[in-house]
Amino acid sequence: MTQQLLRITPSYDASQATPISADRVLAGTPQEVINNLFTNSKENFFCGVWSSTEGQWTLNYTEDEFCYLIKGKAILTDAAGVSEEINSGDAFVIPAGYQGTWETVGEAQKFYAIYEES
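Residues numbered from 1 in each chain as written. Predicted model: local features only at pLDDT ≥ 70, side-chain atom pairs only at ≥ 80, totals over all residues. Heavy atoms only, no water.

Undergrad: I keep staring at the pattern of salt bridges and nothing clicks. Help me out?
TA: Note on pairing: side chains with opposite charge can pair once their charged atoms come close. Under the counting rule described, the total for this entry stands at two salt bridges. Between Glu-65 and Lys-110 there is a salt bridge; the shortest N-O distance is 3.0 Å. Residue Glu-65 is found in strand 6 (residues 64-78), and its partner Lys-110 is found in strand 9 (residues 99-115); the two are separated by 45 residues along the sequence. Each member of the pair, Glu-65 together with Lys-110, is buried. (Salt bridge = Lys/Arg side-chain N within 4 Å of Asp/Glu carboxyl O. Helix = DSSP H or I, 4+ residues; strand = E, 2+ residues; numbered from the N terminus. Buried < 20%, exposed > 50% of the residue type's maximum accessible area, 1.4 Å probe, protein only.)

Here it is in structure tokens:
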């Protein structure tokens, strides 16, 4: 079977929004939409489009994630208290083992590619 190119577009269905788990939320009532568009055959690589409404929540990464913020603004703060402001057009990596917080200011949308060790 021949594999074909898969284009990832920033479309998503906002009606699919779900709340961030309440035990992780630090501020606001953030909602997220995950539109996973590809999963490899080993089920350890994923990519798609993610969006969220305003709020702040805890992060505890077990996977490596490449992100490209399509729109909006976010502030990531690591466990040591170091904050990074991420704006539309910024690309960044959140490595496995990262702990801290994610704060969406307004609304944000990103492309993501996640790799999880088996």
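That shown, we press on.
Undergrad: I would appreciate a short explanation of the pairing of strand 5 (residues 55-60) in the present structure.
TA: The side chains of a regular strand alternate between both faces of the sheet. Pairing analysis gives three bridges linking strand 2 (residues 25-28) to strand 5, with the strands arranged antiparallel. Each residue of the ladder has a partner; that of Val-25, found in strand 5, is Trp-57. By the bridge criterion, six bridges tie strand 5 to strand 9 in an arrangement that is antiparallel. Paired with Gly-55 across the bridge in strand 9 is Thr-104. (Pairing = 2+ DSSP bridges.)

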